[in-house]
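One-letter residues, chain by chain:
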Amino acid sequence: MIEQILKDLCYADQEWSIISLRYFNPVGAHPSGLIGEDPNDIPNNLMPYISQVAVKIRPYLNVFGNDYPTDDGTGVRDYIHIDDLSNGHIVALKHMLSSPEKWFGYNPINLGTGRGISMIKSFEKTTGIKIPYKIVERRPGDLPILFANVNVANERLGWKAKKTIDEMCSSTWNWQSKNPNGFRCVNNENKILK
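Notes on the structure in this doc start here. (Residues numbered from 1 in each chain as written. Predicted model: local features only at pLDDT ≥ 70, side-chain atom pairs only at ≥ 80, totals over all residues. Heavy atoms only, no water.)

## Thoughts on unusual backbone geometry
And then number 1: Despite not being glycine, N25 has its phi angle at roughly 50 degrees, a positive value.
And then number 2: Take N25: it is sitting in the loop between β1 (17-23) and β2 (26-27).
And then number 3: One non-glycine residue, K56, lies in the positive phi region at around 70 degrees. (Helix = DSSP H or I, 4+ residues; strand = E, 2+ residues; numbered from the N terminus.)

## Regarding the nonpolar core
And then number 1: In this structure, I50, L61, Y79, M119, F123, I131 and I165 are the most contacted members of the largest nonpolar core, which totals 18 residues.
And then number 2: Only α2 (46-54), β3 (61-64), α4 (119-127) and α6 (165-178) provide two or more residues apiece to this core.
And then number 3: No other element matches α2, which puts 5 residues into this core.
And then number 4: Apart from the residues within four sequence positions on either side, M119 is in contact with L46, M47, I50, Y79, I165 and C169. (Core = buried A, V, L, I, M, F, W, Y, C linked by side-chain atoms within 4.5 Å. Buried < 20%, exposed > 50% of the residue type's maximum accessible area, 1.4 Å probe, protein only. Contact = heavy atoms within 4.5 Å.)

## Quick notes on empty space enclosed by the protein
And then number 1: Going through the model one piece at a time under the given rule, you end up with 1 cavity of 30 Å³ or more.
And then number 2: Empty space within the largest cavity amounts to approximately 70 Å³.
And then number 3: In terms of lining residues, the largest cavity is bounded by V27, G28, A29, G36, E37, M47, P48, S51, T172, W175 and Q176.
And then number 4: Only α2 and α6 provide two or more residues apiece to the lining of the largest cavity.
And then number 5: Class assignment of the residues belonging to the lining of the largest cavity gives a composition of 5 nonpolar, 5 polar and 1 charged. (1 Å grid on protein atoms, 1.4 Å probe; cavity = no way out; pocket = protein on both sides within 12 Å on 5 of 7 lines; lining within 4 Å. Points joined across faces, edges and corners; volume = space filled by probe spheres on them. Nonpolar A, V, L, I, M, F, W, Y, C, P; charged D, E, K, R; others polar.)

## Digging into the side chain of S20
And then number 1: Here S20 is to be found in strand β1.
And then number 2: In terms of polar contacts, S20 uses its side chain to reach the side chain of Y106, at 3.4 Å.
And then number 3: Beyond its immediate sequence surroundings of up to four residues, S20 is in contact with E3, Y106, N107, P108 and I109. (Polar contact = N/O pair within 3.5 Å; in protein donor to acceptor, adjacent residues only side chain to side chain.)

## What about α6?
And then number 1: For α6, spanning 14 residues, the distance from its first C-alpha to its last is 20 Å, which sits close to the expected 20 Å at 1.5 Å a residue.
And then number 2: Taken together, the buried positions of α6 are I165, M168, C169, S171, T172, W173, W175 and Q176.
And then number 3: Buried residues along α6 sit in contact with β2, α2, β5 (80-81) and α4. (Expected span 1.5 Å × (residues − 1).)

## Looking at the pairing of β1
And then number 1: Burial analysis of β1 places 5 of its 7 residues in the buried class, which makes it a mostly covered element.
And then number 2: The pairing of β1 with strand β6 (residues 105-111) spans 7 bridges and is parallel. Of the residues in β6, the one forming a bridge with I18 is Y106. (Pairing = 2+ DSSP bridges.)

## Comments concerning the packing of α2 against α4
And then number 1: Direction vectors running N to C along α2 and α4 enclose 45 degrees, while the axes themselves pass 11 Å from each other. In terms of orientation, α2 lies oblique with respect to α4. Helix-helix and strand crossings are classified by hand; for α2 and α4 the assignment is right-handed. Along the contact surface, α2 presents L46, M47, I50, S51 and A54, while α4 presents M119, I120 and F123.
And then number 2: Class assignment of the residues belonging to the contact of α2 with α4 gives a composition of 7 nonpolar, 1 polar and no charged. (Axes fitted to C-alpha atoms, helices over the stretch in contact; angles between N-to-C directions. Parallel < 35°, antiparallel > 145°, perpendicular 65-115°, else oblique. Left-handed = near helix turned anticlockwise from the far one by under 90°.)

In structure tokens form, the structure reads like this:
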């Protein structure tokens, strides 16, 4: 809906130039291990859920279907490291500020790697930690394979994701293993305090 509003704005007032960056599953953490993803409740995204299973906050991961036409039967997705995502914003802003005339109107741009992977195997390979999981029913509307078409980002911005899936997994694990309870405090009885 937001994209439609931005598109309508550019149509109604042709002085506007908008670049709308579309993210494909941002993951990873700061290399220091000091900053990472810490959902308040049950994670809605795969990577923080996997890393919470790895530190035993959660007993296992639910895998939604294993009968897709993919190598391992599970859904394949595109993931982008947060460092690449940050860089994508900087590159887009520099282009917009240096040549606004080239960007008149509404310009949607996908930021991803342009290829899909199976995250559980990648996380296990990178960290050496076995992730317990259960196969459950597919979710309505899930696609077997979903990855970004990054041609516009490559061609118009000269931008390309640089971080590998191994770097995404290792930086996430670096943060989660240093912060097994996330940003929450734990008392002497190992109970999480709010």
